[in-house]
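Coordinate analysis (summary)
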Amino acid sequence: MICNYIAYIVAAILLGLCIGRGECAIGVNWGRNNAQRLIPSMVVDLLLQNGVKEARIYNAQEDILKAFTGSGIDLTITLFNFHAIDSEDEAEKWLSQKLEYAKHSNIRRIYIGFDAFAQGITDKKSLNNSLRAYNFMRAALNDSGYDYVKATMPHPDIILNVENITRPSEADFRPEIKEEMHGFLRLLEADKAPLVIELLPIYYVLLKNLSIDFAGPSENPSHVIKDVNGAIYTDYFTFLHDSFVWAINKAGVPDLDIVVGAVGWPTDGFPGGNTSTAEHFFKHLLPYVISNKGTPMRPGKPIDTYVHALTDENMNGDYFPYARHWGIYRTNGEPKYKIDLSGQGRDIFPARAKGIMRMPERWCVYKENMKGYNKSRVIEEFKYACKRADCTSLAPGASCSGLSFTLNVSYAFNMYFQMMFQDERECVFGGYATVVTEDPSTDECVFPVEVVKGQQENFIFKSGQDRLFAPFSVSLLSVFLGIVKLLESCNNLVRN
């Protein structure tokens, strides 16, 4: 008991030093590409209960900004539709609408677009449009007296030659975007704005056939990578971080601050992606980033880190199954695994949001032994449900991949039924479905009951808000694998 108490005090002191120096924070990203959403006030309350002091949202909608007003949470907002900013006047107009909340919502940063430089590898026009909007926004912030709010952009690790290197010192920006990146970095340096990077260690340890334990800090590292000047790497988080450090050193801006704007761990639909491995990853990572240990290239420097993401987003693209399963919480607000967002490493589940209202304990399931049974018709109804609802947990290797034919169809029917807020008229499927009150979940597969719709603004999902949180090369591979897996799922369903 005494040892635990001392450990708690030491962790709290380290956390206090980190925050007191204004260098370190653990934040959480929240997007709402969901058919069911927690309302913004509940999200703010959830973050506060968990001691989260930093948050990033993927838009700047007014209902969200209102909810964060007076919360004390430092906020990063996103200008997603950067095409609308074609002059400094347009940027100032946008700021006048959004930054009225700045004094009360602690808006710290504005991200321009999403992964502009990653897209620029193959689409220079898109990159140039993003940079144009960035320059307009940067000028508008400085000219309007909001220079303490920093404009920047997030960057996935694919903008480096990371898949071809064996150690961080070999890293550099890709030649297709190097000239534009060097110019961008000099502007960040002038504004004292950070370089925001997004790290996905799980991808690279699998691509390079390393143990999944090597993805993040651990007590017993499974692998060691030696670099120049005696640098030693025992996990891919610090490997990727210092790859960016080497790249900015080569660009001539070695002192630029770096923020890890997203680090995620999928809990479904990816090899090694489940709640147990996610829990293990963050239990070791979060205490590490606030420990003042730093990395071999930046020893003694804490690392601002944003966990991706607060909740699953079941309206993200389904071209790869894990895209919808980044959340600490399910879409209905239930925590999926233990995580201590204070960074103290406690073995605790995160707090539940207050006021969450789940729909009744009802499920829509497949009704067997129908008169005039037609299996082809059942399969068509299955495809209809999955085209509109989230069936990615049925993908081969995902949590619900081992279900029988009956449960496969029931899962699809129920996901659609929940998405339609349990409207019984949506549990028909040609007469092959019925509403039940007995939970059809299995030990491995959860048949969720979602939250009520509630009084929400901006509820209708808008196309164009999808976010590909994956390295570009892995995304292309995943698109191909996703098609293969979809065909495999359909074939398995037919065979069963």
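Residues numbered from 1 in each chain as written. Predicted model: local features only at pLDDT ≥ 70, side-chain atom pairs only at ≥ 80, totals over all residues. Heavy atoms only, no water.

Moving on, we get to the packing of aromatic side chains. By the definition in use, this model includes 21 aromatic pairs. On the basis of an interplanar angle of 45° and a centroid distance of 5.4 Å, the ring pair of Phe117 and Phe184 is categorised as tilted. You can see Phe117 sitting in helix α6 (residues 116-120) and its partner Phe184 sitting in helix α8 (residues 178-191), a full 67 residues away along the chain. When its relative accessible area of 0% is taken as the criterion, Phe117 is described as buried. Through a chain of ring-to-ring contacts, the aromatic side chains of Tyr204, Phe214, Tyr233, Tyr236 and Phe239 assemble into a single cluster. Just above the ring of Phe405 sits the side chain of Lys375; from NZ or CZ to the centre is 4.8 Å. (Phe/Tyr/Trp six-rings, centres within 6.5 Å; stacked < 30°, edge-to-face > 60°. Helix = DSSP H or I, 4+ residues; strand = E, 2+ residues; numbered from the N terminus. Buried < 20%, exposed > 50% of the residue type's maximum accessible area, 1.4 Å probe, protein only. Lys NZ or Arg CZ within 6 Å of the ring centre and 35° of its normal.)

Turning next to unusual backbone geometry. Of the consecutive residues His308 and Ala309, the connecting peptide bond is found in the cis state with omega at 15°. Counting through the fold element by element, Ala309 comes out in the loop between β13 (305-308) and β14 (363-366). Phi angles above zero are rare outside glycine, and Asn292 is one such case at about 70°. Locating Asn292 in the fold gives a position in the loop between α11 (275-289) and β11 (294-295). When its relative accessible area of 18% is taken as the criterion, Asn292 is described as buried. Non-glycine residue Gln422 carries a positive phi angle of around 55°.

Next up on the list: the state of the cysteines. What the rule picks out here adds up to three disulfides. There is a disulfide in this structure between Cys386 and Cys391, and the S-S distance comes to 2.1 Å. Judged by the sign of its S-S torsion, about -90°, the bond between Cys386 and Cys391 is left-handed. You can call Cys386 buried: its relative accessible area is 16%. Here Cys400 connects covalently by a disulfide to Cys445, the sulfurs 1.9 Å from one another. Taking the sign of the S-S torsion, about 90° here, the bridge from Cys400 to Cys445 comes out right-handed. Residue Cys400 is found in the loop between α12 (375-388) and α13 (405-419), and its partner Cys445 is found in the loop between β15 (433-436) and α14 (472-495); the two are separated by 45 residues along the sequence. For the residue pair Cys400 and Cys445, the accessibility class agrees, reading buried in each case. (Disulfide = S-S within 2.5 Å.)

Look at helix α4 (residues 88-98) against helix α7 (residues 124-143): their axes get within 8 Å of each other, and the N-to-C directions meet at 60°. By the criterion of interaxial angle, the relationship of α4 to α7 is oblique. The element α4 and its partner α7 pack so that their crossing is right-handed. Residues Glu88, Ala91, Glu92, Trp94 and Leu95 of α4 form the contact with α7, whose own contacting residues are Phe136, Met137, Ala139, Ala140, Leu141 and Asp143. Residues belonging to the contact of α4 with α7 are distributed by class as follows: eight nonpolar, no polar and three charged. (Axes fitted to C-alpha atoms, helices over the stretch in contact; angles between N-to-C directions. Parallel < 35°, antiparallel > 145°, perpendicular 65-115°, else oblique. Left-handed = near helix turned anticlockwise from the far one by under 90°. Contact = heavy atoms within 4.5 Å. Nonpolar A, V, L, I, M, F, W, Y, C, P; charged D, E, K, R; others polar.)

By definition, the strands of a sheet pair up through backbone hydrogen bonds, in either a parallel or an antiparallel sense. If you walk across this open sheet you meet the nine strands as β5-β4-β3-β2-β1-β13-β10-β7-β6, and the pairing is parallel. Only two strands of the sheet have a single neighbouring strand rather than two, namely β5 (150-152) and β6 (154-156). Shown here is a sheet whose adjacent strand axes are inclined to one another by a mean of 25°, direction ignored. Sheet analysis places strand β1 (residues 26-30) next to β13, joined by four bridges and oriented parallel. (Pairing = 2+ DSSP bridges.)

Take the packing of α7 against α8 next. Their axes nearest at 12 Å, the elements α7 and α8 cross at an angle of 15°. The angle between the axes of α7 and α8 places the two elements in the roughly parallel class. Considering how the two elements wind past one another, α7 and α8 form a crossing that is left-handed. On α8, the residues that touch Lys124, Leu127, Leu131, Tyr134, Asn135, Arg138 and Asn142 of α7 are Glu180, Phe184, Leu187, Leu188, Ala190 and Asp191. Split by residue class, the contact of α7 with α8 holds seven nonpolar, two polar and four charged.

Across all of its chains, the model carries 21 salt bridges by this definition. Between Arg32 and Asp63 there is a salt bridge; the shortest N-O distance is 3.0 Å. Remark: Asp63 occurs in helix α3 (residues 62-68) and Arg32 occurs in the loop between β1 and α2 (40-49); sequence separation between them is 31 residues. Among the residues examined, Asp63 registers a relative accessible area of 9% and is labelled buried. Measuring nitrogen to oxygen at the nearest pair gives 2.7 Å for the salt bridge that ties Glu163 to Arg174. Linking Glu163 in the loop between β6 and α8 with Arg174 in the loop between β6 and α8, this pair joins segments that are 11 residues apart in sequence. Among the ionic contacts, a cluster of salt bridges with common partners joins Arg167, Glu170 and Asp227. (Salt bridge = Lys/Arg side-chain N within 4 Å of Asp/Glu carboxyl O.)

Another point: the nonpolar core. Core analysis: the biggest nonpolar cluster contains 110 residues, and Ile110, Met137, Phe173, Leu185 and Phe282 have the highest contact counts within it. Filtering out sequence-adjacent residues up to four positions away, Phe282 remains in contact with Val263, Gly264, Trp265, Pro287, Val307, Tyr337 and Ile339. Of all hydrophobic cores here, the second largest spans 31 residues; its members include Phe413, Phe417, Cys427 and Ala433. (Core = buried A, V, L, I, M, F, W, Y, C linked by side-chain atoms within 4.5 Å.)

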